[in-house]
Amino acid sequence: MGRKFLVAGRGGLNLTHDESRSDFVSRYSGPDPAAPLWDSLLNDFDAAALRRWAAELGVETFAASTGRVYPRELKSAQLLRRWVHRLRKSGVQFAMNHRWTALHPRSAGGSISLDFETHGDVVAVAVDAVLFALGGGSWPETGSDGAWVAGFERLSLSVAPLCASNCGWETEWPRSVLDLAEGLPLKNIQASAGAASAAGELMVTRYGLEGGVIYKLGAMLRTMTEPEICIDLKPTHSVDTLVRKLGVCRSNFLREARSRWRLGDAAFALLQTQCGDAPEFPSTEAIARAAKACRIRLRGPRPIAEAISSAGGIRWSELDDSLMVRRLPGVFVAGEMIDWDAPTGGYLMQGCFATGSRAGTRAVDWMRTHLQVTAGGAG
Ligand SMILES: Cc1cc2nc3c(=O)[nH]c(=O)nc-3n(C[C@H](O)[C@H](O)[C@H](O)COP(=O)(O)OP(=O)(O)OC[C@H]3O[C@@H](n4cnc5c(N)ncnc54)[C@H](O)[C@@H]3O)c2cc1C
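As the structure is a computational prediction, the values presented were derived from the model and not from experiment.

**What about the domain arrangement of the chain?**
What the domain assignment reports for the chain is domain 1 (3-94 + 128-164 + 303-377) and domain 2 (169-301). If you average the C-alpha positions of domain 1 and of domain 2, the two centres end up 36 Å apart. For the pair domain 1 and domain 2, the two sides together bury roughly 540 Å², of which 56% comes from carbon and sulfur. For the pair domain 1 and domain 2, the interface holds one salt bridge. For the salt bridge of Arg222 with Asp341, the shortest nitrogen-to-oxygen distance reads 2.7 Å. There are two residue pairs in polar contact (both at pLDDT 80 or more) connecting domain 1 and domain 2. Looking at the side of domain 1 that touches domain 2, its residues break down into six nonpolar, two polar and one charged.

Following this line, the structure appears as structure tokens:
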């Protein structure tokens, strides 16, 4: 249970983020933006609510100087164990090794029927209401393989294709870059893609670029027919300052820039690629401009199986503000299977908890209203 939750714990389990509501809401995007809904979802279940939930399970959290919030132990196992224990105690029954394959909508006055595959058999389960939280398509070995998409499409629901998000991007590095910079970071850089920009760190890898900066630019890069990022290797200096720092220099601009601008190996290797076929830049100004706008053509994102999360999923237009499928009363959805995207930083977990909390409470309300069940009967 909670295999992806456990995997997230390997990186410390960044549960949420400590920042203002308006900044928080601005992190959530998608081709089908639902900003007003995110405002309301985060109003009902914000970072403080998520931290309170952990505290109620006896797990203290802290906010790092970056704003990222983690459990004190920087792991998920304890939190997951206590969570599952509390659920069992409150009467939740778990049916492991059951793979949902189909939903048969409610016929007049009847129940919703769900098909599950288990150990080669198919079992049908009749329910009053159902909340699906089947995840996205990244890290399929955790069980979240996105195979549910076909089941929802069979119900004629519109599902945006799942695609890799918060992932590395591929490029064709020349041998010179790999020899000098493979596995090395580009620190304190600023990068942009179209209208989006991000500051921080990038890592040069065998296949391209990894790291927080490219994860943040991913949503924009996915919209570009010829994805490209533009890296400012010296964001705190203007072109004029860089030229001044080079002083009187009439040749060997690359060598001089490397020492006078204190370029790391990765930054130097990237800058070298900006001369095109020429061995050198023609002037101090040309090299300074290149350092402020290193253009790297990208081939595409890494495979979805490697990504931290996936974008795409059930389109917001299919859902009401209870996260109930408009055309399927009693069917609710939550988490990464909805068509939203957010960067790393705790926003993914927070998004899943906020949508889960909304869909869960509204499912109970819905049953109370439509099925006249009592709170005790709304299991
Ligand atoms: C390496 C890694 C590190 C991460 N670190 C962080 C982090 O620090 N902070 C953060 O905010 N986010 C992090 N994330 C992202 C976060 O883990 C996910 O966004 C989140 O787990 C998604 O929650 P979910 O409930 O939507 O789906 P999931 O957690 O993916 O759960 C979906 C569940 O549904 C089950 N399932 C799928 N299909 C079926 C089916 N047909 N029938 C029955 N069951 C099915 C799966 O087995 C799984 O148990 C990380 C992700 C990865 C891969």
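After presenting the structure, the write-up continues.
**What about the pattern of salt bridges?**
For the structure shown, the criterion picks out 22 salt bridges. Residues Arg255 and Glu256 are paired through a salt bridge, measuring 3.6 Å at the closest nitrogen-oxygen approach. Taking the shortest distance from any N to any O, the salt bridge between Arg302 and Glu306 comes out at 3.1 Å. With a relative accessible area of 14%, Arg302 lands in the buried category.

**Observations regarding the site of the ligand**
In the vicinity of the ligand there are 21 residues, among which Asn14, Trp100, Ser144, Glu336 and Met349 approach most closely. A distance of 2.7 Å separates a nitrogen atom of the ligand from a polar atom in the backbone of Asn14. Gly143 is positioned with one of its backbone polar atoms (N or O) 3.5 Å from an oxygen atom of the ligand. Starting from 1,000 Å² of accessible surface for the ligand in isolation, the protein chains cover 82%. Looking at the shell around the ligand, the elements with two or more residues in it are α1 (3-9), β4 (99-104) and α13 (347-371). By residue class, the composition of the shell around the ligand is 10 nonpolar, eight polar and three charged.

**Things to note about the packing of helix α9 (residues 239-246) against helix α12 (residues 284-292)**
Between α9 and α12, whose axes approach to 9 Å, the crossing angle comes to 130°. When the axes of α9 and α12 are compared, the pair comes out oblique. The handedness of the crossing between α9 and α12 comes out as right-handed. Taken together, the residues of α12 that come into contact with α9 (itself represented by Val239, Leu242, Val243 and Leu246) are Thr284, Glu285, Ile287, Ala288, Arg289, Ala291 and Lys292. Its residues assigned to classes, the contact of α9 with α12 comprises seven nonpolar, one polar and three charged.

**A few points about the sheet that holds strand β6 (residues 121-127)**
Spatial strand order, β4-β5-β6: three strands in an open sheet with antiparallel pairing. At either end of the open sheet lies a strand with only one pairing partner, and these are β4 and β6. Taking the axes of each pair of neighbouring strands and ignoring which way they run, one obtains an average angle of 25° across the sheet. Across five bridges, the pairing between β4 and strand β5 (residues 112-118) is antiparallel. In the sheet register, Ala102 faces β5, and the bridge partner there is Asp115.

**Here we look at the nonpolar core**
By size, the foremost hydrophobic cluster in this structure holds 60 residues, and its most contacted members are Leu79, Leu103, Leu114, Phe132, Phe152 and Trp316. The dominant element in this core, judged by the number of residues it contributes, is α13, at nine residues. Counting 49 residues, the second largest nonpolar core, distinct from the first, contains Cys167, Val239, Phe268 and Ala269.

**Describing the sheet that holds strand β10 (residues 185-193)**
Strand order in the open sheet formed by seven strands is β14-β13-β10-β11-β12-β9-β15, and the pairing between neighbours is antiparallel. In this open sheet, the two strands that pair with only one neighbour each are β14 (294-297) and β15 (300-301). Two elements, strand β13 (residues 228-232) and β14, share four bridges in a ladder whose sense is antiparallel. What sits directly across from Ile229, in β14, is Ile296. Its contacts with the sheet put helix α11 (residues 265-273) on β10, β11 (196-204), β13 and β14, and the angle it makes with β10 is roughly 45°.

Quick notes on the rules
- The numbering scheme is per chain: residues are counted from 1 as the chain's sequence reads.
- With pLDDT at 70 or above as the cut-off, local features in this predicted model cover only qualifying residues; side-chain atom pairs require 80 or more to be listed or tallied, and sums for whole chains, interfaces and linings still use all residues.
- Derived side-chain values reflect all non-hydrogen atoms in the structure, with water molecules and hydrogen atoms excluded from consideration.
- Where each domain begins and ends follows an automated or database-derived domain assignment.
- By buried area we mean the combined loss of accessible area, with a 1.4 Å probe, across both parts when two parts are placed together.
- Salt bridges are counted wherever a side-chain nitrogen of Lys or Arg sits within 4 Å of a carboxyl oxygen of Asp or Glu.
- Polar contact criterion, stated in full: a pair of N or O atoms within 3.5 Å, where within protein one must be able to donate a hydrogen and the other to accept it, and residues adjacent in sequence count only if both atoms are side-chain atoms.
- Gly falls in the polar group here, along with every residue not listed as nonpolar (Ala, Val, Leu, Ile, Met, Phe, Trp, Tyr, Cys, Pro) or charged (Asp, Glu, Lys, Arg).
- Relative accessibility under 20% of the residue-type maximum defines a buried residue, over 50% an exposed one, and the middle range a partly exposed one, all with a 1.4 Å probe and only protein chains included.
- Nearness is defined per residue: one heavy atom within 4 Å of the molecule or strand is enough.
- Residue burial considers only the protein chains on display, and all accessible areas are found by Shrake-Rupley using a 1.4 Å probe.
- We count a stretch as a helix when DSSP gives it H or I for four or more residues in a row; a strand needs E for two or more, and each element gets its number in order from the N terminus.
- Convention adopted: a line fitted to C-alpha atoms gives each axis, helices being fitted over their contacting stretch, and angles between N-to-C directions are expressed from 0 to 180 degrees.
- In what follows, roughly perpendicular refers to angles from 65 to 115 degrees, roughly parallel to angles under 35, roughly antiparallel to angles over 145, and oblique to any angle outside these ranges.
- Two helices crossing with the near one rotated counterclockwise from the far one by less than a right angle form a left-handed crossing, whereas a clockwise rotation gives a right-handed crossing.
- Any pair of residues with heavy atoms lying within 4.5 Å of one another is described as a contacting pair.
- For two strands to count as paired, DSSP must find a minimum of two bridges between them.
- As used in this record, nonpolar core signifies buried Ala, Val, Leu, Ile, Met, Phe, Trp, Tyr and Cys residues forming a set joined through side-chain atoms within 4.5 Å.

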